[in-house]
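A look at the structure
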Amino acid sequence: MAQPEIFEFIDYREYLSGWLHQHRGRLTQKAFAKKARCSAALVSLVRKGERNLDTNRGESFAQAMDLADAARAYWLDLIE
C-alpha cells in the first residue's frame, strides 16, 4: 500500500491524519497508538492540535509508521 508522500506536507498533524486515513480499515487509531507506545487519546489530541509532539515521541510515531531514513528525518523536522 502506498503511503501519503510525506514531502508534500508542511504540517506533521496533516501527515499523521493522512497516514491514518490511508490505513483505515487495516489499522485503528488505537492499534497505531499501541505501536507508537502511547494512548489513543494522545494520538487524537495531536491530530486535533490540542497536544504537540516532541522529537522523542515523534520518533515513536515514525517507528509506528515505518518511515525510512529521509522520511523520518523530514517528519522530525516538521515536528521541530
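Below is a summary of the structure that appears in this document. (Residues numbered from 1 in each chain as written. Predicted model: local features only at pLDDT ≥ 70, side-chain atom pairs only at ≥ 80, totals over all residues. Heavy atoms only, no water.)

**Some words on the packing of helix 4 (residues 55-64) against helix 5 (residues 69-79)**
Running from N to C, helix 4 and helix 5 cross one another at 145°; their axes reach a closest spacing of 10 Å. In the crossing of helix 4 with helix 5, the sense of the turn from one axis to the other is right-handed. Touching T55, G58, E59, F61, A62 and Q63 of helix 4 are R72, W75, L76 and I79, all from helix 5. When grouped by side-chain class, the residues that make up the contact of helix 4 with helix 5 number 5 nonpolar, 3 polar and 2 charged. (Axes fitted to C-alpha atoms, helices over the stretch in contact; angles between N-to-C directions. Helix = DSSP H or I, 4+ residues; strand = E, 2+ residues; numbered from the N terminus. Left-handed = near helix turned anticlockwise from the far one by under 90°. Contact = heavy atoms within 4.5 Å. Nonpolar A, V, L, I, M, F, W, Y, C, P; charged D, E, K, R; others polar.)

**Here's the deal with the packing of aromatic side chains**
Applying the stated criterion to the full structure yields 6 aromatic pairs. Ring geometry for F7 versus Y74: centroids 5.1 Å apart, planes at 50°, classification tilted. Note that F7 is positioned in the segment before helix 1 (12-22) and Y74 in helix 5, a separation of 67 residues in sequence. An angle of 80° between the planes, with centres 5.3 Å apart, marks the rings of F32 and F61 as edge-to-face. Of this pair, F32 sits in helix 2 (residues 29-35) while F61 sits in helix 4; the two residues are 29 residues apart in sequence, bridging distant segments of the chain. By way of ring pairs, the aromatic residues F9, Y12, Y15 and W75 are connected into one cluster. (Phe/Tyr/Trp six-rings, centres within 6.5 Å; stacked < 30°, edge-to-face > 60°.)

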